[in-house]
Amino acid sequence: MKPLISFVEIENRIIVAKYQRLMVSAKVVLVEKASGQQLPETATRIASPVPVGAVRIRLPDAIKPGTYFLKALNGRGEDAAQSADFEIG
């Protein structure tokens, strides 16, 4: 089965997302849809050996309003999963 990452919410500049079937050391990063640019300052690694859980990503003040999505990369840096698009205001 394919890995999955689902955007849940943004509250107080913190993104919450749930994941399934992501392995330890997978990286989750915020991507600006218009440019396709990964924002490395938002990257977080999966530390739990359990393949189901949630991540929280604090948004730096420099993040501009726009359409974004979350991308999960496996331990080799290859695309593993992508969330639906969401807006940051």
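Note: the structure precedes this text.
Cut-off values and rules
- Residues numbered from 1 in each chain as written.
- Predicted model: local features only at pLDDT ≥ 70, side-chain atom pairs only at ≥ 80, totals over all residues.
- Heavy atoms only, no water.
- Salt bridge = Lys/Arg side-chain N within 4 Å of Asp/Glu carboxyl O.
- Helix = DSSP H or I, 4+ residues; strand = E, 2+ residues; numbered from the N terminus.
- Buried < 20%, exposed > 50% of the residue type's maximum accessible area, 1.4 Å probe, protein only.

Hey, could you run me through the pattern of salt bridges in this one?
Oppositely charged side chains may form a pair once their charged atoms are brought near each other. Using the criterion set out here, one finds four salt bridges in the structure. The salt bridge partner of Asp 61 is Arg 13, with a shortest N-O separation of 4.0 Å. Here Asp 61, found in the loop between β5 (52-58) and β6 (66-73), pairs with Arg 13, found in the loop between β1 (4-11) and β2 (14-20); they are 48 residues apart in sequence, far enough to count as distant. Given the relative accessible area of 72%, Asp 61 is considered exposed. Here Asp 85 makes a salt bridge to Lys 33, at a shortest N to O gap of 2.5 Å. Note that Asp 85 is positioned in the loop between β7 (79-82) and β8 (86-88) and Lys 33 in the loop between β3 (27-32) and β4 (38-45), a separation of 52 residues in sequence.

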